[in-house]
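What follows is the residue order along each chain.
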Amino acid sequence: MGRFDILKKDNRENYEISSYKSDFDFEEFEITDDEIKQQITTKEEEIMIAGKQIAKKTLEVGRMLYEIQKILASHKTGAFVAWFKYMGLEKNFVYREIGRWELFQKYRKAEIAEASVRTLDFIKKQQEELEEEKITEILQDPKMAPERIKEIKENFEDSNPVNDEKNDTDAEIEKIK
């Protein structure tokens, strides 16, 4: 997430020492007690680590669902759906995580594990039209992904010849009337 600064790396002993630094503006909320700041920063770091672990495990779940789907594909129609319903899994969750795994397999970008549902949907729907560098750009900063997607959509609309053809067709129709 870009918040860990490597303070020291010693290749001889192959270990890293890192320090977490919170970007929260404590002064804005008149929090001046260093002990409170340290407690919050420590908990914030724990939350960030847990979030990364959750994202990794979610990607692993997607991989497993993908594998089970492939195994059950050669069996009676509906076996996979029946299986995940038996497991108590929601259809949207199952197919979203399979899609996440498929995108990860294709692009091999760790950021896919942490991408939002909307970001994944956009990439999945537009992957044929998007260059890989645009996908990387979207994934690099999750907070900026909606803005990047908006810019890309605007560029698609501006350069989409279908819109021009539609406008030409509409103009021809108007001439006939």
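Source: prediction; values computed, not measured.

Enquirer: If you had to explain unusual backbone geometry to someone new, which residues and values would you point to?
Expert: As a rule of thumb, non-glycine residues mostly have phi less than zero, and peptide bonds are mostly trans rather than cis. One non-glycine residue, E30, lies in the positive phi region at around 55°. Within the fold, E30 resides in the loop between β2 (15-20) and α1 (34-72). Looking at E30, the relative accessible area reads 70%, which means it is exposed. A positive phi angle is found at R108, which is not glycine, with a value near 50°.

Enquirer: Would you mind going over the packing of helix α4 (residues 117-126) against helix α5 (residues 132-140) in detail, with residue names and values included?
Expert: Interhelical geometry of α4 versus α5 gives an angle of 180° and a closest axis separation of 11 Å. As summarised for this structure, α4 and α5 are arranged roughly antiparallel, according to the angle between their axes. Contact residues: α4 offers T119, F122 and I123, while α5 offers I135, I138 and L139. Residues that form the contact of α4 with α5 fall into these classes: 5 nonpolar, 1 polar and no charged.

Enquirer: Talk me through helix α3 (residues 91-107); I want residue IDs and the actual numbers.
Expert: With 17 residues, α3 extends 24 Å between its outermost C-alpha atoms, agreeing within 8% with the 24 Å of an ideal straight helix rising 1.5 Å per residue. Of all the residues in α3, the buried ones are V94, E97, I98, G99, R100, W101, L103, F104 and Y107. Contacts from the buried residues of α3 go to α1, α2 (79-86), α4 and α5.

Enquirer: Describe the side chain of Q127, naming the residues involved and giving the relevant values.
Expert: With respect to the helices and strands, the residue Q127 is situated in the loop between α4 and α5. The buried category is assigned to Q127, whose relative accessible area is 18%. Side-chain polar atoms of Q127 contact the side chain of K106, separated by 3.3 Å. Beyond its immediate chain neighbours, meaning those up to four positions away, Q127 contacts L103, K106 and Y107.

Enquirer: Describe the layout of surface pockets, listing the residues and the values that go with them.
Expert: Over the atoms, a rolling probe the size of a water molecule traces out where space has been left empty. Reported here for the second largest pocket is a volume of approximately 200 Å³. For the second largest pocket, the full set of lining residues is S116, R118, T119, D121, F122, K125, Q126, P142, A145, P146, I149 and K153. With 6 residues, α4 is the largest single contributor of residues to the lining of the second largest pocket. Looking at the lining of the second largest pocket residue by residue, the classes come out as 5 nonpolar, 3 polar and 4 charged.

Enquirer: Lay out the pattern of salt bridges in plain terms, naming residues and giving numbers.
Expert: Tallying each qualifying case throughout the model produces 9 salt bridges. Its salt-bridge partner being E46, residue K43 comes within 3.5 Å of it at the nearest N-O pair. Of the two residues, K43 and E46 both sit in helix α1, 3 residues apart, roughly one turn of that helix. With a relative accessible area of 42%, E46 lands in the partly exposed category. With a shortest N-O distance of 3.1 Å, K124 and E102 are connected by a salt bridge. Of the two residues, K124 is situated in helix α4 and E102 in helix α3; the sequence distance between them amounts to 22 residues.

Cut-offs and rules
Position labels on residues start from 1 in each chain and follow its written sequence. Where local features are concerned, this predicted model is filtered to residues with pLDDT of at least 70; where side-chain atom pairs are given and counted, the filter is 80 or more; whole-chain, interface and lining totals use all residues. The side-chain numbers reported here are obtained from all heavy atoms of the structure, hydrogens and water having been left aside. By definition, any uninterrupted DSSP run of H or I lasting at least four residues is a helix, any uninterrupted run of E lasting at least two residues is a strand, and each is numbered from the N terminus. Buried means the residue's accessible area, taken with a 1.4 Å probe over protein chains only, is under 20% of the maximum for its type, while exposed means over 50%, and partly exposed covers the values in between. Here, axes are lines fitted to C-alpha atoms. For helices the fit covers the stretch in contact, and angles between N-to-C directions go from 0 to 180 degrees. When describing relative orientation, an angle under 35 degrees is termed roughly parallel and one over 145 degrees roughly antiparallel, while 65 to 115 degrees is termed roughly perpendicular and anything else oblique. A contact between two residues is defined here by any heavy atoms of the two lying within 4.5 Å. Residues were grouped as follows: Ala, Val, Leu, Ile, Met, Phe, Trp, Tyr, Cys and Pro as nonpolar; Asp, Glu, Lys and Arg as charged; and all remaining residues, including Gly, as polar. What a helix should span is 1.5 Å times the count of its residues minus one. Two N or O atoms count as a polar contact when they lie within 3.5 Å, although within protein this holds only if one can serve as hydrogen donor and the other as acceptor, and sequence-adjacent residues are included solely when both atoms are side-chain atoms. Throughout, the protein atoms alone are placed on a 1 Å grid, and a set of points is a cavity if a 1.4 Å probe fits but cannot get out or a pocket if it is open with protein on both sides within 12 Å along at least five of seven lines; lining residues have an atom within 4 Å of a point. Grid points are joined across faces, edges and corners, and a volume is the space filled by probe spheres set on the points. A pairing counts as a salt bridge when a side-chain nitrogen of Lys or Arg comes within 4 Å of a carboxyl oxygen of Asp or Glu.

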